[in-house]
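Here is how the chains run, residue by residue.
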Amino acid sequence: MTNSYSISRVASILYPLCILLVAGCSSNPVNQADYALTLPSARIETREAPSPEELAEKTKVVILGTGTPIPDAFRAGSSIAVIHKGQSYLFDVGSGAIRQATIARYKYDIPSLYPTQICCVFLSHLHSDHIMDLSELAHTLWWRRSNGLQAWGPIGVEPIANTLDELISIDANFRINGVQPVTNPDGFRVDAATITPGILLREDDLTIEAFLVDHGDIDPAFGFKITTNDLSLVISGDTAYSEVIAEKARGVDLLFHEVISRQGLEQNSPSFQRYHNSVHTTSDELVRLARIAQPKKLVLYHGLFYGTAESSVLNEIEALYDGEVILANDLDIFTTDSR
Ligand SMILES: [Zn+2]
Ligand SMILES: [Zn+2]
């Protein structure tokens, strides 16, 4: 892993940012152990196509949000960005994810993570904690968006896209019919497609596949397998223990998997324990899955801790599993070099 973004590091960046905002400054250099970071303020970015440098880069994966429905000061809602040849493909877009995309754009110098440059989003299922920032993604600075957003999701995604059009219609009317310049009057529209299991996208050496997982009565729910010329990864979405994931993730470079801490589960009422058992994967179940799949790295995200120490879930897994396990934080980045 190129960099691990700890809570203290988040605070170390956000605090000076606040100071600078008050002072009216336009940029914020922050020295970190492994990055000299500059976070510009309110920069308009337009770009017609990826640069030759972007096209030549290896695949990167940036975790925009590791959170759950539970409000969390340090974890945005669930979202993972795969950056390949100058395009960013988002997998889920929970609350706060697009703010994190803006930070990641500058932290890692990834132009395709600027919100209006994000081309594509894939929704694993339609629980709120996986879609809350869809409006943020589609509508942020939409009048400067050359191309609208493409979204793939389970049945229901098309009515959601229509509802987002409705949500923004008054704003769109003001801007399109007023004196404001508008790059593309359809820039706010979400081009939605309903997922059926199988290959969703194949472009040159990028393949994105959706497969059914078991999220209890939230049906359908999908996981994703992404394969490029230099990286393979599986994203579980929300799921109970799934043999399908174990098969799809066999030998991949990175398996991003949700998890519920066994200790955390026991903090819940019996009715919530029953619910969580039917829709999420406990740490011991994830060990069983990882032993079959043998990913090069198992990355935990969307962790349900319920007030127990976050490290407890890692301890529960490491006690039973020999492979490499990482408990992800927001803005962690993975590249081919860090496989
Ligand atoms: Zn969730
Ligand atoms: Zn869910």
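The structure presented is a predicted model; accordingly, all values stated were derived computationally and were not measured. (Residues numbered from 1 in each chain as written. Chains lettered and ligands numbered in written order. Predicted model: local features only at pLDDT ≥ 70, side-chain atom pairs only at ≥ 80, totals over all residues. Heavy atoms only, no water.)

With that settled, consider the sheet that holds strand β14 (residues 297-304). Spatial strand order, β9-β10-β11-β12-β13-β14-β15: 7 strands in an open sheet with mixed pairing. Looking at which strands have only one partner, the edges of the open sheet turn out to be β9 (198-203) and β15 (325-327). Adjacent strand axes in the sheet meet at a mean angle of 20 degrees, parallel and antiparallel pairs treated alike. In this sheet, strand β10 (residues 206-213) lies alongside β9 in antiparallel orientation, the contact comprising 5 bridges. Within β10, the position partnered with Leu201 by the bridge is Ile208. Of the strands in this sheet, β13 (254-260), β14 and β15 are in contact with helix α10 (residues 311-318), which crosses β15 at around 170 degrees. (Pairing = 2+ DSSP bridges. Helix = DSSP H or I, 4+ residues; strand = E, 2+ residues; numbered from the N terminus. Axes fitted to C-alpha atoms, helices over the stretch in contact; angles between N-to-C directions. Contact = heavy atoms within 4.5 Å.)

Okay, the state of the cysteines next. Put plainly, two cysteines are in a disulfide when a covalent bond ties their sulfur atoms together. Enumeration over the complete set of coordinates arrives at 1 disulfide. Paired by a disulfide, Cys119 and Cys120 hold their sulfur atoms 2.5 Å apart. In this structure the cystine formed by Cys119 and Cys120 twists about its S-S bond by roughly -105 degrees; its chirality is therefore left-handed. Across the pair, Cys120 and Cys119 agree in class, each one buried. (Disulfide = S-S within 2.5 Å. Buried < 20%, exposed > 50% of the residue type's maximum accessible area, 1.4 Å probe, protein only.)

To continue, consider the packing of aromatic side chains. Tallying each qualifying case throughout the model produces 8 aromatic pairs. Aromatic side chains Phe272 and Tyr275 sit 6.1 Å apart centroid to centroid with 90 degrees between the ring planes, which places their arrangement in the edge-to-face category. One end of the pair is Phe272 and the other is Tyr275, both in helix α8 (residues 270-279) and 3 residues apart, which spans about a single turn. On the basis of relative accessibility, which here comes to 43%, the residue Phe272 falls in the partly exposed class. A connected cluster of aromatic rings, assembled from ring pairs, spans Phe91, Phe122, Trp152 and Phe224. Between Arg175 and the ring centre of Trp143, over which it is positioned, the NZ or CZ distance is 3.6 Å. Stacked on the ring of Tyr241, the Lys or Arg Arg288 has its end atom at 4.1 Å from the ring centre. (Phe/Tyr/Trp six-rings, centres within 6.5 Å; stacked < 30°, edge-to-face > 60°. Lys NZ or Arg CZ within 6 Å of the ring centre and 35° of its normal.)

The next subject is the coordination of the zinc ion (ligand 1). Here the zinc ion (ligand 1) is held by the protein donor atoms Asp129 (OD), His130 (NE2), Asp238 (OD) and His302 (NE2), which lie 2.1 to 2.2 Å from it. Written as a sequence motif, the donor arrangement for the zinc ion (ligand 1) is D-H-x107-D-x63-H. A spacing of 3.5 Å is found between the zinc ion (ligand 1) and the zinc ion (ligand 2), which share Asp238 as a donor. Here Asp129 is found in the loop between β6 (120-122) and α4 (134-139), whereas its partner Asp238 is found in the loop between β12 (232-235) and α6 (243-248), with 109 residues between them in sequence. Relative accessible area serves as the criterion here: at 7%, Asp129 is assigned to the buried category. (Donors = N, O, S within 2.8 Å, 3.2 Å for Na, K, Ca; no water.)

What follows covers the coordination of the zinc ion (ligand 2). Donor atoms from the polypeptide that coordinate the zinc ion (ligand 2) comprise His125 (NE2), His127 (ND1), His215 (NE2) and Asp238 (OD), at 2.2 to 2.4 Å from the metal. Relative to the metal, the 4 donor atoms surrounding the zinc ion (ligand 2) lie at angles of 93 to 157 degrees, and the coordination shape comes out irregular. One chain supplies every donor for the zinc ion (ligand 2), spaced along it as H-x1-H-x87-H-x22-D. (Tetrahedral: all angles 85-135°; square planar, octahedral: opposite > 155°, others 65-115°.)

Right, let's talk about the environment of Thr59 for a bit. Residue position: Thr59 is located in the loop between α2 (52-56) and β3 (60-65). Sequence separation of Thr59 and Thr228 is 169 residues, and the distance between their C-alpha atoms is 7.4 Å. The contact partners of Thr59, leaving out residues within four places of it in the chain, are Val82, Ile83, His84, Thr228, Asn229, Asp230, Leu231, Phe334, Thr335 and Thr336. Separated by 2.9 Å, the side chains of Thr59 and Thr228 make a polar contact. (Polar contact = N/O pair within 3.5 Å; in protein donor to acceptor, adjacent residues only side chain to side chain.)

What follows is about the pairing of β10. Within a regular strand, side chains alternate between the sheet's two faces. Judged by how many residues are buried, β10 sits mostly within the fold: 7 of 8 residues are covered. Joining the antiparallel neighbours β9 and β10 is a turn of 2 residues, in which Asp204 adopts a positive phi near 50 degrees. In this structure, β10 lies alongside strand β11 (residues 221-227), joined through 7 bridges in antiparallel fashion. Bridging across to β11, Ala210 finds its partner in Phe224.

Another point: the environment of His125. Of note, His125 is situated in the loop between β6 and α4. Under the relative-accessibility criterion, His125 is labelled buried at 0%. For the pair His125 and Asp92, spaced 33 residues apart in sequence, the C-alpha to C-alpha distance is 8.2 Å. With near-sequence residues (within four places) excluded, His125 lies in contact with Asp92, His130, Ile131, Pro154, His215, Ile218, Pro220, Ala221 and Asp238.

With that out of the way, let us pick up the side chain of Glu258. Secondary-structure assignment places Glu258 in strand β13. Arg262 provides the closest opposite charge to the buried, salt-bridge-free Glu258, at an N-O distance of 11 Å. Only 2.8 Å separates the side chain of Glu258 from the backbone nitrogen of Thr281, close enough to count as a polar contact. Glu258 has contacts with Ser236, Gly237, Asp238, Thr239, Val279, His280, Thr281, Leu286, Tyr301 and His302, leaving out every residue within four places of it along the chain. (Lys, Arg positive; Asp, Glu negative; His and termini not counted. Salt bridge = Lys/Arg side-chain N within 4 Å of Asp/Glu carboxyl O.)

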